[in-house]
Amino acid sequence: MSESKKTTDRQAIKRWAEERKGIPTFVKGTESEDSGVLRIHFPQASDNDKSFDKIDWDQFFETFEEKNLAMLYQEEKENGEKSTFHKFVNR
């Protein structure tokens, strides 16, 4: 069974995303005052690029802190492959 972890550590979040070729984004249509719904998007695994606005890590973590979020994520799927499962939850 794959295990979910929870973190607020910026380096751990960035490392996890970059190992999977993920980029920080806002979900399009959710932006307001330089904020929005955060996601890590995996362009190589999705044809849904038009649903996301790429942002830099500084803007990502600024919103992450403002919204008092933590990241729930998995390192591996049950079959041992790298997992891209993640979601942002209240601390």
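Just above, that's the structure.
This is a predicted model, so every value here is computed, not measured.

Cut-offs and rules
Residues numbered from 1 in each chain as written. Predicted model: local features only at pLDDT ≥ 70, side-chain atom pairs only at ≥ 80, totals over all residues. Heavy atoms only, no water. Pairing = 2+ DSSP bridges. Helix = DSSP H or I, 4+ residues; strand = E, 2+ residues; numbered from the N terminus. Axes fitted to C-alpha atoms, helices over the stretch in contact; angles between N-to-C directions. Contact = heavy atoms within 4.5 Å. Phe/Tyr/Trp six-rings, centres within 6.5 Å; stacked < 30°, edge-to-face > 60°. Buried < 20%, exposed > 50% of the residue type's maximum accessible area, 1.4 Å probe, protein only. Arc of directions from axis to C-beta. Polar contact = N/O pair within 3.5 Å; in protein donor to acceptor, adjacent residues only side chain to side chain.

Undergrad: Help me get a handle on the sheet that holds strand β2 (residues 23–27), residues and values and all.
TA: The three strands are arranged β3-β2-β4 in an open sheet whose pairing can be described as antiparallel. Lying at the two open borders of the sheet, with one neighbouring strand each, are β3 (38–41) and β4 (52–54). Strand-to-strand, the axes of this sheet are offset by a mean angle of 45°, without reference to chain direction. Pairing between β2 and β4: three bridges, direction antiparallel. The partner of Val27 across the bridge, within β4, is Phe52. Seen against the sheet, helix α2 (residues 57–66) touches β2 and β3 and runs at an angle of roughly 140° to β3.

Undergrad: Give me the packing of aromatic side chains: which residues, what numbers.
TA: Aromatic ring pairs: the centre-centre distance and the angle between the two ring planes describe each pair. The full count for this structure, using the stated rule, is nine aromatic pairs. When the ring of Phe60 is compared with that of Phe64, the centres are 6.2 Å apart and the planes differ by 15°; the resulting orientation is stacked. You can see Phe60 and its partner Phe64 sitting in helix α2, four residues apart, about one turn around the helix. Of the two residues examined, Phe60 and Phe64, each falls in the buried class. Pairing Phe60 with Phe88 gives two aromatic rings, centres 5.7 Å apart and planes at 65°, and the pair type is edge-to-face. Residue Phe60 is located in helix α2, and its partner Phe88 is located in strand β6 (residues 86–90); the two are separated by 28 residues in the primary sequence.

Undergrad: Tell me about α2, residues and numbers included.
TA: Every α-helix winds through 3.6 residues per turn, so residues three or four apart in the chain are directed the same way. Those residues of α2 that fall on the buried side of the exposure criterion are Trp57, Phe60, Phe61, Thr63 and Phe64. The buried residues of α2 occupy an angular sector of 160° when projected down its axis, which confines them to one face. For α2, the exposed residues lying more than 90 degrees away from the buried face are Asp58 and Glu66. Tucked inside the fold, the buried residues of α2 contact β1 (4–7), α1 (10–19), β2, β3, β5 (69–74) and β6. Between the side-chain oxygen at the start of α2 and the backbone nitrogen of Asp58 there is a gap of 3.1 Å, and the oxygen is on Asp56.

Undergrad: So, the environment of His41: which residues are in play, and what are the values?
TA: Within the secondary structure layout, His41 lies in strand β3. Taking the C-alpha atoms as reference, His41 lies 6.4 Å from Pro24; in sequence the two are 17 residues apart.

Undergrad: Just give me the short version of unusual backbone geometry, but keep the residues and values in it.
TA: The phi angle at Lys21 is positive, at roughly 60°, despite the residue not being glycine. The phi torsion at Asn68 lies on the positive side, around 55°, for a residue other than glycine. Take Asn68: it is sitting in the loop between α2 and β5.

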